[in-house]
Amino acid sequence: MVVEAQIEKKTLISYNPADGSVVGELAMASADDVRLAVTRAKSAQPAWNAHGIRGRLEVIRRFQQILTDQKQQVAALISREAGKPVVEALLSEILVVLDSTRFLLENAYSLLKPERLPQGNLVMKAKLGKLHREPYGVFGIIAPWNYPFSIPATETLAALAAGNAVVLKPSELTPLVALELQRLLRKAGVPEDIFQIVIGEGPAGVALVESAIDKLIFTGSVPTGKRVGEAAAKRLLPVVLELGGKDPVLVFDDVDIDVAAAGATWGAFMNAGQTCLSVERCYVQRDIYEKFISACAEKAKQLRVGNGMERGIDMGPMINERQLQIVETHVDDAVRRGARLVSGGKRLAELGTNFYPPTVLADVTHDMLIMREETFGPVLPIAPFDTEDDAIRLANDSEFGLAASVWTRESARGQRVAEKLQAGAVMLNDMVCSFGISEAPHGGVKASGLGRTHGRIGLEEMVRPKYVGTDLLPSMKKIWWYGYGGKFDGQMDRFVDALFSRGAMKRLRGWLGSAAALWRKQV
Ligand code: NDP
């Protein structure tokens, strides 16, 4: 009842986080609107599926072209609504989406078409097995504000390629970017009811989870993700949960300090640290610890903070005051417990309400909030380690497990450490950009979520597997169709023996001979 009451609020205003100006004002969907959108999507989906994979990929090809042509306009809107520098919108949103269309155009047909399943069970040899991949029907997608274009777009494109309809609930903070995605998809030829957007706050998400969708992809924080997971479990709604992270970076002492520090600062500060794959913890081998801290502090101080719409800006504002306060709480807590503030650490009120500087903290420990909870802001907390085992233990000492990064020039060590890290992805000598590699599955372990998006495995999430087996000897009765207690018992005993006991193959040949004789007698 509370949900219904809140959802009746009429309009939603989207603000530019850099200067507080209004980007747009939109009508909010009611719970009835959400249900209606899903009903319309359900009726339209069979016709979309009937286009076939190649027909749907043609639409995606047109979308690719349209987005390429209009990339500057889309990037500018992303910057206005989410605050990031325009160049970052091009890099981490537009380019990622274009590459996902490239992946689908190159691979979706071969990955989604029916597949012959070779069968090893000798008694089933006279059957042809095929694996079909069928669309679920209607996907609900609930998306966050930090990548308002690339997250819902990559998920939507894969769902559409597989023959599904999509109803998207974008974050209340970035609804206009979602509407821009809708405009581009419609222009490319996606029918109106096949991709719909329901504008609203959390309660619109609740209504979508409770609607008649067939599967849900939720991207957001761990607490909301748990609530969504519980609601979905009540009705056995399949879900993919892409949740928060606290990604560690391990820097060994054989690295080029300047290169590793450049990587760590970019990984911590891009999008003002508001990236699920952000560097949230940095562990550095003791021999190079102080040098590495100085290199990071130097780089952090050089970054130009300001309105992302202006040329030459490296880091934009945070999304809102609430997010900024979390960062302040974490930094203050760390300093109070003995961390060393090396650069930044004080909001930049002269730039506007939502600006916080790139901040480097040293000597952090795991009893500080900054090392345990997701900060989601421009802070690089650094701690020392002595041995490889120490580094692995520290990295795995977290409830999260989205991604991790290992820096070393010794490839064998990199591989060895990667195997031991509890994470959905590990990058050696780089970070964050696995999200832009369309072949790489994206998703976490532990509290960072369930299931995957992107790549072959992400595409498999968009379809239900269906096995279709055809008997190639339709006029032959099978020997296991009753007759228990007679000869069959002995035959079955010998058959199991023949297959799985020692000397099996020899006996199997004999058994197959008598089975063939029996078959000849029957046909
Ligand atoms: P939230 O969990 O606050 O919100 C995510 C989405 O869920 C929003 O659209 C929100 O709507 C909606 N929502 C809120 N309450 C409910 C509910 N009860 N039922 C259904 N939907 C609801 O996350 P943020 O938007 O703040 O995003 C930041 C978080 O997302 C971070 O933790 C980050 O790590 C994570 N994230 C994870 C990624 C991954 O791939 N693993 C990628 C990007 C971000 P509204 O905004 O209107 O309240």
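Residues numbered from 1 in each chain as written. Predicted model: local features only at pLDDT ≥ 70, side-chain atom pairs only at ≥ 80, totals over all residues. Heavy atoms only, no water.

## Quick look at the confidence of the model for the protein chain
And then number 1: Per-residue pLDDT for the protein chain averages 95, and the proportion of residues at 70 or more is 96%.
And then number 2: Predicted confidence is poor over residues 1-7, with pLDDT under 50, and the contacts of this stretch with residues over four places away or in other chains come to eleven contacts. (pLDDT = per-residue confidence, 0-100. Contact = heavy atoms within 4.5 Å.)

## Observations concerning the environment of T275
And then number 1: You can see T275 is positioned in the loop between α10 (257-269) and β11 (279-285).
And then number 2: Distance in space between the C-alpha atoms of T275 and E201 is 21 Å, their sequence separation being 74 residues.
And then number 3: Dropping the residues within four chain positions of it, T275 is found in contact with N146, Y147, M270, F376 and V432.
And then number 4: Engagement of the side chain of T275 in a polar contact is seen with the side chain of Y147, the distance being 2.6 Å. (Helix = DSSP H or I, 4+ residues; strand = E, 2+ residues; numbered from the N terminus. Polar contact = N/O pair within 3.5 Å; in protein donor to acceptor, adjacent residues only side chain to side chain.)

## Quick word on the side chain of N16
And then number 1: Residue placement: N16 occurs in the loop between β1 (11-15) and β2 (22-27).
And then number 2: Overall, N16 belongs to the buried group, its relative accessible area being 4%. (Buried < 20%, exposed > 50% of the residue type's maximum accessible area, 1.4 Å probe, protein only.)

## Here we look at the pairing of strand β13 (residues 359-362)
And then number 1: Of the two faces of β13, both are covered, the one formed by T359 and L361 as well as the one formed by V360 and A362.
And then number 2: Here strand β12 (residues 340-343) pairs with β13 via three bridges, running antiparallel. The residue of β13 that forms the bridge with R340 is A362.
And then number 3: One ladder, built from four bridges, connects β13 with strand β14 (residues 379-385); its direction is parallel. Within the sheet, the bridge partner assigned to V360 lies in β14 and is L380. (Pairing = 2+ DSSP bridges.)

## A closer look at helix α9 (residues 222-234)
And then number 1: Between its first and last C-alpha atoms α9 spans 18 Å; for 13 residues at 1.5 Å apiece the expected length is 18 Å, and the two agree.
And then number 2: Turning to α9, its buried residues are V222, G225, V228, G229 and A232. Buried residues along α9 cover an arc of 120° about the axis, so they all sit on one side. What points out from α9, more than 90 degrees from its buried face, is the exposed set P223, K226, R227, E230 and K234.
And then number 3: The inward-facing, buried residues of α9 abut α8 (202-210), β8 (215-219) and β9 (239-242). (Expected span 1.5 Å × (residues − 1). Arc of directions from axis to C-beta.)

## Side note on the site of the ligand
And then number 1: Neighbouring the ligand are 31 residues, the closest being K169, S221, L243, E374 and H442.
And then number 2: Here an oxygen atom of the ligand sits 2.7 Å away from a polar atom, N or O, in the main chain of A143.
And then number 3: Calculation on the ligand without its partners gives an accessible area of 900 Å², and the protein chains cover 90% of this total.
And then number 4: Sorting the residues of the shell around the ligand by element identifies α8, β8 and α9 as the ones contributing at least two each.
And then number 5: Along the lines of polarity and charge, the residues of the shell around the ligand split into 13 nonpolar, twelve polar and six charged. (Near = heavy atom within 4 Å. Areas by Shrake-Rupley, 256 points an atom, 1.4 Å probe, with all protein chains shown as cover. Nonpolar A, V, L, I, M, F, W, Y, C, P; charged D, E, K, R; others polar.)

## Digging into the environment of G83
And then number 1: Counting through the fold element by element, G83 comes out in the loop between α4 (71-82) and α5 (86-112).
And then number 2: Separated by 67 residues in the primary sequence, G83 and N16 place their C-alpha atoms 6.7 Å from one another.
And then number 3: Beyond its immediate sequence surroundings of up to four residues, G83 is in contact with P17, I78, G308, G316 and P317.

## Observations concerning helix α6 (residues 150-161)
And then number 1: For α6, which comprises twelve residues, the first-to-last C-alpha distance of 16 Å matches the rise-based estimate of 16 Å (1.5 Å per residue) to within 8%.
And then number 2: Of all the twelve residues making up α6, twelve are buried; the element is thus mostly covered by neighbouring parts of the structure.
And then number 3: If you check which residues of α6 are buried, you get S150, I151, P152, A153, T154, E155, T156, L157, A158, A159, L160 and A161.

## Regarding a nonpolar patch on the surface
And then number 1: On the surface, I13, Y15 and V22 cluster together into a nonpolar patch covering about 270 Å² of accessible area.
And then number 2: In this fold, V22 is placed in strand β2.
And then number 3: Among the residues examined, V22 registers a relative accessible area of 52% and is labelled exposed. (Patch = residues over 30% accessible without salt bridge, like charges linked within 9 Å, V, L, I, M, F, W, Y side chains within 5 Å. Salt bridge = Lys/Arg side-chain N within 4 Å of Asp/Glu carboxyl O.)

## What to know about the sheet that holds strand β16 (residues 425-428)
And then number 1: One open sheet accounts for seven strands, arranged β12-β13-β14-β11-β10-β15-β16; its pairing is mixed. Unpaired on one side and paired on the other, β12 and β16 mark the two borders of the sheet. The average angle at which neighbouring strand axes cross in this sheet is 25°, direction not considered.
And then number 2: Strands β10 (247-251), β11, β13, β14 and β15 (403-407) of the sheet are contacted by α10, whose axis makes an angle of about 135° with β14.
And then number 3: Lying on the sheet, helix α11 (residues 289-302) is in contact with β10, β11, β12, β13 and β14; it crosses β12 at an angle near 50°. (Axes fitted to C-alpha atoms, helices over the stretch in contact; angles between N-to-C directions.)

## Concerning the pattern of salt bridges
And then number 1: What the rule picks out here adds up to 29 salt bridges.
And then number 2: For D333, the salt bridge is made with R337, and the minimal N-O distance between the two is 2.8 Å.
And then number 3: Residue classification places R337 among the partly exposed positions, given a relative accessible area of 47%.
And then number 4: The structure contains a network of salt bridges with shared partners spanning D99, R102, E106 and E439.

## Observations concerning the environment of E25
And then number 1: By secondary structure assignment, the location of E25 is in strand β2.
And then number 2: Residues in contact with E25, not counting those within four places in the same chain, are T11, L12 and I13.

## As for the nonpolar core
And then number 1: Membership of the largest hydrophobic core comes to 83 residues, with the highest contact counts inside it found for F63, L67, L104, F149 and L216.
And then number 2: The element contributing the most residues to this core is α5, with ten residues.
And then number 3: Ignoring any residue separated from it by four or fewer positions in sequence, one finds F63 in contact with V97, T101, L157, L181, L184, L185 and A188.
And then number 4: V249, A362, L402 and A425 belong to the second-largest nonpolar core, a separate cluster that totals 42 residues. (Core = buried A, V, L, I, M, F, W, Y, C linked by side-chain atoms within 4.5 Å.)

## Digging into the packing of aromatic side chains
And then number 1: A complete count under the given rule lists five aromatic pairs for this structure.
And then number 2: Both rings, one in Y136 and one in F139, keep their centres 5.7 Å apart while their planes meet at 90°; by these two values the pair is edge-to-face.
And then number 3: Assessed through its relative accessible area of 14%, Y136 is described here as buried.
And then number 4: On the basis of an interplanar angle of 75° and a centroid distance of 5.6 Å, the ring pair of W145 and F376 is categorised as edge-to-face. Taken together, the residues span a long stretch of sequence, with W145 in the loop between β5 (138-142) and α6 and F376 in the loop between α13 (369-372) and β14 at a distance of 231 residues.
And then number 5: In this structure an aromatic cluster arises from ring pairing among Y482, Y484 and F488.
And then number 6: A cation sits over an aromatic face here: K84 above Y147, 3.8 Å from the ring centre. (Phe/Tyr/Trp six-rings, centres within 6.5 Å; stacked < 30°, edge-to-face > 60°. Lys NZ or Arg CZ within 6 Å of the ring centre and 35° of its normal.)

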